[in-house]
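Summary of structural features
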Amino acid sequence: MLDYAALISVSAVIREGSFEGAARLMGLTASAVSQRVRGYEERLGSLLVIRGSPCLPTDLGRSLCVHVDKVRLQEADIPHLSERVATEKAFPVSLKIAVNADSLATWFPDAIASFTEQSSIFLELYAEDESHTADHLRSGAFMAAITAEVEPIIGCKVVPAP
């Protein structure tokens, strides 16, 4: 069984790049965050975070961070949970989107404006060439992308650009 409290700690370390940054985000000491992460690594029998500057995820750590992001997005869609999820300011629900620079500079900001006004979901936009964004969807690193591919990626749907 996954320990979501520990996974949020791992995700915070990866997102912030350090135990100190994660501690500030979580309102804890760096030592407390480190103990949570190390304890979870010991229970799993595998490293999740490569300690360094910045801290990086191992393959398993990356997969678990992607998983916890997906769970939190799904929780945000459940009516009685969405208010609780929205009020967790230290751990905003985020949606990672790979967007090519041309779309980002032209139509994309208008297309997401109403979404961002009506949602408490934090958008993480990554500029990437549209010929590579589908690879990010396939790997599970991103939940959405602007891509040049016409055929939908398995588990995704295609919505034509305006």
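Look above for the structure.
The sections below set out a description of the structure shown in this document. (Residues numbered from 1 in each chain as written. Predicted model: local features only at pLDDT ≥ 70, side-chain atom pairs only at ≥ 80, totals over all residues. Heavy atoms only, no water.)

Counting secondary structure elements, the protein chain contains eight helices and five strands. Going residue by residue from the N terminus, the α and β elements of the protein chain occur as α-α-α-β-β-α-α-β-α-α-β-α-β. Expected size for 162 residues packed as a compact globule is a radius of gyration near 15 Å; at 17 Å, the protein chain falls within 12% of this value. In terms of overall dimensions, the protein chain has C-alpha extents of about 50 × 30 × 30 Å along its principal axes. By residue count, 35% of the 162 residues in the protein chain fall in the buried class. The contacts in the protein chain between residues at least 6 apart in sequence include a share of 53% that link residues at least 24 apart. A total accessible area of about 9,700 Å² is found for the protein chain, and carbon and sulfur atoms account for 57% of it. (Helix = DSSP H or I, 4+ residues; strand = E, 2+ residues; numbered from the N terminus. Rg over C-alpha atoms; globule rule 2.2 N^0.38 Å. Buried < 20%, exposed > 50% of the residue type's maximum accessible area, 1.4 Å probe, protein only. Contact = heavy atoms within 4.5 Å. Areas by Shrake-Rupley, 256 points an atom, 1.4 Å probe, with all protein chains shown as cover.)

Before going further, it helps to examine the sheet that holds strand β5 (residues 144-145). Strand order in the open sheet made by the three strands is β4-β3-β5, with parallel pairing throughout. Two strands bound the open sheet, and with one partner strand each, they are β4 (122-127) and β5. Relative to β5, strand β3 (residues 94-99) is paired through two bridges, and the arrangement is parallel. For I97, the partnering residue across the bridge sits in β5 and is A144. (Pairing = 2+ DSSP bridges.)

Under the definition given, this model contains two aromatic pairs. Taking the centre distance of 5.7 Å and the plane angle of 75 degrees together, the rings of W107 and F108 count as edge-to-face. On the accessibility criterion, W107 (24% relative accessible area) is partly exposed. Pairing Y126 with F142 gives two aromatic rings, centres 5.0 Å apart and planes at 80 degrees, and the pair type is edge-to-face. Taken together, the positions of Y126 in strand β4 and F142 in the loop between α8 (133-139) and β5 put the pair 16 residues apart, joining distant regions of the chain. We classify Y126 as partly exposed; its relative accessible area is 35%. (Phe/Tyr/Trp six-rings, centres within 6.5 Å; stacked < 30°, edge-to-face > 60°.)

Attention now goes to the nonpolar core. The biggest cluster of nonpolar side chains holds 19 residues, and the ones touching the most others in it are V10, V13, F19, V33, V37, L48 and V49. Elements with a contribution of two residues or more to this core: α1 (4-16), α2 (19-26), α3 (30-44) and α4 (59-76). Among the elements that take part in this core, α1 stands out by supplying six residues, more than any other. Grouped together as the second largest cluster of nonpolar side chains are eleven residues, L73, V93, F108 and I112 included. (Core = buried A, V, L, I, M, F, W, Y, C linked by side-chain atoms within 4.5 Å.)

On a regular strand, one side chain projects to one face of the sheet and the next to the other, so that they alternate. Among the six residues in β3, five count as buried, and that is most of the element. As paired strands, β3 and β4 are joined by six bridges and run parallel to one another. Its bridge partner lying in β4, A98 is registered against Y126.

In this structure, the amide linkage connecting S53 to the following residue, P54, adopts the cis form with an omega of 5 degrees. Inspection of the secondary structure puts P54 in the loop between β1 (49-50) and β2 (56-57).

It is at 9 Å that the axes of α1 and α4 come closest, and there the two elements cross at 115 degrees. Judged by the inter-axis angle, α1 sits roughly perpendicular to α4. Of the two elements, α1 crosses α4, and the hand of that crossing is left-handed. The residues of α4 that touch α1, namely those facing Y4, L7, I8, V10, S11, I14 and R15, are L64, C65, H67, V68, D69, V71 and R72. Taken together, the residues of the contact of α1 with α4 break down into nine nonpolar, two polar and three charged. (Axes fitted to C-alpha atoms, helices over the stretch in contact; angles between N-to-C directions. Parallel < 35°, antiparallel > 145°, perpendicular 65-115°, else oblique. Left-handed = near helix turned anticlockwise from the far one by under 90°. Nonpolar A, V, L, I, M, F, W, Y, C, P; charged D, E, K, R; others polar.)

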